[in-house]
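Architecture and fold: a report
Here is what each chain is made of, one letter per residue.
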Amino acid sequence: MAQLVQVDRERRRFARRHRAGRVTLYVLAVLAALAAAGPFVWAAITTFKQDSDLYRRNNNPFVFNKPPTTDHVELLLNRTGFTTFAWNTLWVGTLVVLITLALSIPAAYSLARLDMPWASRMGIAIFFVYLVPPTLLFLSLSRIVVALGLQDSAWSLVVIYPTITIPVSVWLLIGFLKTIPRDIEEQAMVDGHSRLGALVRVVVPLLFPGIVAVVVFAFTLTASEFIYALAFISPSAEKVISTGVPTELVRGDVFFWQSLQAATVLVAVPVALVFNLFLNRFIAGFTQGAVKG
Amino acid sequence: MTAPARRRLADRDSTLGWLFLTPTVVYILALVGLPFGLAVAFSLSDVTGGDPSFDWVGLRNFERILADPVFWRSLRNTFVFTAISMLLIVIFGKVLANILLAEFRGRWLVRFLVLLPWTTPVALSTLTWLWLLDSVFSPIDWVLRRLGLIESNLFWLGQPNLAMASVIMVHVWRLVPLAAVIMLAGLLSVPKDVQEQAAVDGAGYWRRMFEITIPLTAPVIAISALFGAIFTFTDMAVVYVLTRGGPTNETQVLASWAFFRGIEGSDIGQGAAIALFLLPLLLAAAIAILRAVRRMEVS
């Protein structure tokens, strides 16, 4: 009897602790979401504010004290190069991702599978390339860009950005390749495929999660990049989002705040949505790359 | 399979290996190796934006920057910002990873929201912060004023200490999601039965956390610290947009100082010399962390 009471008390204690744990979890989750997304929510509110509402020191910044307006979104979309910048970011990013994949899949395969001499050392060396900061390289790279005749053209970024994305991508892909059993491609080769055929028909489909991780990582790195884009390109029509928006909407001391916030929200939300869709695959990629690479 | 056929296959493998690797190696040598060499050469020259002719000046650029108090200030700030950010990124990232791991309603939405800071281009999210920390219209100040905690605005970016705190805050805010995703990956790789066994043996949540989960995922935590450090250490966008190094170079870091000197000040030689200080520091940190990771993996 005493034992039963004891068990019952234990169970209730456990349930209480469990409930407390759930509450803590929800509180923390809400806090994290607020801390991360709060600035964006507030940016979204700012976007639709009238000047006379926004620039009044004692107005509540979180509500519309005057009717909301879409003027500033229109300004952003129709009277600045925003759409051009977005388009430039998109096509530069896409090409960079393609170049990255085209170079890093074979390189990673070669280092992970083809018994190259010093393969693991070469893998680490390629990762260290990633550590060479753009701040160190941009001065001489701008000379090289001039020599290539690509100054003031978004194509310069297509040529240069893979220097940032390839090292991480090779490192990630090596990790993914290590999780694919060798037997599978050996079986494919026994079945009459060449090494190359086995790579294309068998390994690449299995590598798909890793490729997705690389695509996401490479694209966000490219879209965020600031120094090269700032240093290489000055004409407006060739600028990308991260340099174009600040230069067009900050004129001397005048900040077009609502339009700036609109730009942030319009860029952030779609990218985060796509990224979120891929998150699970991306997580899988990092585990392999980090732990087994 | 006969012996010669196998050898032919092996031969083809090594040819293929080089064929696959060469484009990447050539590309990296051409666009990282060559400019790196050039950067070293620039740092030993008097190249400027107005006078692009290359004249050897030996270590004069280094002497000049070593005599410049702004350089020392930047060097100190780089370390302070990186160390504090890295610590906070790891702590918050760890907490966030545990939140994202748990099953709860609305997890998808929370994941989407906490990813926003990382997926937004730095320059844009920093602009949002610039407005959040505005000297007159900052909503943070507005709330604090309403609560009666402050009389007048704090002037976030105008006071040295607050400006430094702001730079660190933006770095942490931006990089915590990445660290969390990396650590989440690590957590997912911890075998469930180890956890369950410990729970059955009566180990509470915190005990399991500190005696099992953290030691087992230590390599991944180190990797996320490494990424946090790299991104903070080499970033100039936050400082460039938020404070432009101000007030009076109080928040200047090596990366931004190199940019102001090299591009805006047009003194390419000095800019290169300043930027060159980044590399050995970064390499040392990376090697230390990767070593630690390997040691942890072996044990």
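Residues numbered from 1 in each chain as written. Chains lettered and ligands numbered in written order. Predicted model: local features only at pLDDT ≥ 70, side-chain atom pairs only at ≥ 80, totals over all residues. Heavy atoms only, no water.

1. Observations regarding the overall build of chain B
Basically, it comes down to this: What counts as a helix is a DSSP run of H or I of at least four residues, what counts as a strand is a run of E of at least two, and both are numbered from the N terminus. Exposure categories follow from relative accessible area, calculated using a 1.4 Å probe and restricted to protein chains: below 20% of the type maximum is buried, above 50% is exposed, and the middle band is partly exposed. The contact definition used throughout considers only heavy atoms, calling two residues in contact when any of these lie within 4.5 Å. With residues, only the protein chains shown are counted as cover, and all accessible areas are computed by Shrake-Rupley using a 1.4 Å probe. His is not counted, nor are the chain ends; Lys and Arg add positive charge and Asp and Glu add negative charge. In this description, the location of a charge corresponds to atom NZ of lysine, CZ of arginine, CG of aspartate or CD of glutamate.
Check the secondary structure of chain B and you find 13 helices and zero strands. What you see in chain B, going N to C, is helices and strands ordered as α-α-α-α-α-α-α-α-α-α-α-α-α. Overall, chain B is about 75 × 65 × 30 Å in size when its C-alpha atoms are taken along their principal axes. Going through the 299 residues of chain B one by one, you find that 55% of them count as buried. Taking the intrachain contacts of chain B between residues at least 6 apart in sequence as the baseline, contacts between residues at least 24 apart amount to 67%. Accessible surface, chain B as shown: approximately 13300 Å² in total, 67% of it carbon and sulfur. The centroid of the 23 positive side-chain charges in chain B is displaced by 8 Å from the centroid of its 20 negative side-chain charges.

2. A closer look at the interface of chain B and chain A
For clarity, the cut-off: Put simply, buried area is the surface a 1.4 Å probe can reach on two separate parts but cannot reach once they are joined, added for both. N or O atoms within 3.5 Å of each other form a polar contact, as long as, within protein, one can give a hydrogen and the other can take it, and as long as residues adjacent in sequence are counted only when both atoms are side-chain atoms. Side-chain classes are defined by residue name, with Ala, Val, Leu, Ile, Met, Phe, Trp, Tyr, Cys and Pro counting as nonpolar, Asp, Glu, Lys and Arg as charged, and the others, Gly among them, as polar.
With 99 residues of chain B at the contact, the number on the chain A side is 100 residues. Carbon and sulfur atoms supply 81% of the area that chain B and chain A bury against each other, a total of about 8800 Å² over both sides. In terms of surface lost to chain A, no three residues of chain B exceed Phe20(B), Tyr27(B) and Trp131(B), which account for 9% of the buried area on that side. Joining chain B to chain A, the criterion identifies twelve residue pairs in polar contact (both at pLDDT 80 or more). A total of 20 residues in the side of chain B that touches chain A trace back to one element, the largest contributor, which is helix 1 (residues 3-43) of chain B. Each residue belonging to the side of chain B that touches chain A can be placed in one class, and the counts come to 77 nonpolar, twelve polar and ten charged.

3. What about unusual backbone geometry?
Despite not being glycine, Asp152(A) shows a phi value in the positive range, around 65 degrees. With a phi close to 40 degrees, Thr248(B) is a non-glycine residue in the positive phi region. Relative to the assigned elements, Thr248(B) resides in the loop between helix 10 (237-242) and helix 11 (254-264).

4. Things to note about the confidence of the model for chain B
Rule in force here: Per-residue confidence from the predictor is given as pLDDT, running between 0 and 100.
On average, chain B scores 82 in pLDDT, and the residues at 70 or more come to 93%. For this predicted complex, the interface score ipTM comes out at 0.82, while the overall pTM is 0.84.

5. Overview of the side chain of Glu185(A)
Residue and element names in this part refer to chain A. Its location among the elements puts Glu 185 in helix 9 (residues 182-190). Reaching out from Glu 185, the side chain makes a polar contact with the side chain of Arg 113 at a distance of 2.8 Å. Excluding its chain neighbours within four sequence positions, the residues that come into contact with Glu 185 are Tyr 109, Arg 113, Arg 195, Ala 198 and Val 203.

6. Some remarks on the pattern of salt bridges
The following threshold applies: Salt bridge, as used here, is a side-chain nitrogen of Lys or Arg placed within 4 Å of a carboxyl oxygen of Asp or Glu.
Per the counting criterion, the structure on display carries seven salt bridges over all chains. Linked through salt bridges whose partners overlap, the residues forming this network are Arg113(A), Glu185(A) and Arg195(A).

7. Here we look at the packing of helix 5 (residues 122-132) of chain B against helix 7 (residues 160-188) of chain B
Residues and elements named next belong to chain B. Short version of the rule: Inter-axis angles, ranging from 0 to 180 degrees, are taken between N-to-C directions of lines fitted to C-alpha atoms, where helices are fitted over the stretch in contact. These descriptions rest on fixed angle ranges, namely under 35 degrees for roughly parallel, over 145 for roughly antiparallel, 65 to 115 for roughly perpendicular, and the rest for oblique. Crossing handedness is defined as follows: a turn of the near helix away from the far one that is anticlockwise and smaller than a right angle gives a left-handed crossing, while the clockwise case is right-handed.
As a packed pair, helix 5 and helix 7 sit with axes 11 Å apart at the nearest point and diverge in direction by 130 degrees. One way to sum up the angle between helix 5 and helix 7 is to call them oblique. As for how helix 5 packs across helix 7, the hand of that crossing is right-handed. In this structure, helix 5 contributes Val 122, Ser 125, Thr 126 and Trp 129 to the contact, and helix 7 contributes Met 169, Val 170, Trp 173 and Arg 174. A class-by-class count of the residues in the contact of helix 5 with helix 7 yields five nonpolar, two polar and one charged.

8. Re the environment of Ala29(A)
Locating Ala29(A) in the fold gives a position in helix 1 (residues 2-47). Apart from residues lying up to four places away in sequence, Ala29(A) is in contact with Ile99(B), Phe104(B) and Val110(B).

9. Some thoughts on the packing of helix 8 (residues 162-179) of chain A against helix 11 (residues 208-224) of chain A
All names here are of chain A. Contact geometry of helix 8 with helix 11 gives a least axis separation of 10 Å together with a crossing angle of 160 degrees. The angle between helix 8 and helix 11 places the two elements in the roughly antiparallel class. Here helix 8 and helix 11 pass one another in a crossing that is right-handed. Where helix 8 abuts helix 11, its residues Ile 164, Thr 165, Val 168, Ser 169, Leu 172, Leu 173 and Phe 176 lie against Pro 209, Gly 210, Ile 211, Ala 213, Val 214, Phe 217, Ala 218, Leu 221 and Thr 222. Tallied by class, residues from the contact of helix 8 with helix 11 come to twelve nonpolar, four polar and no charged.

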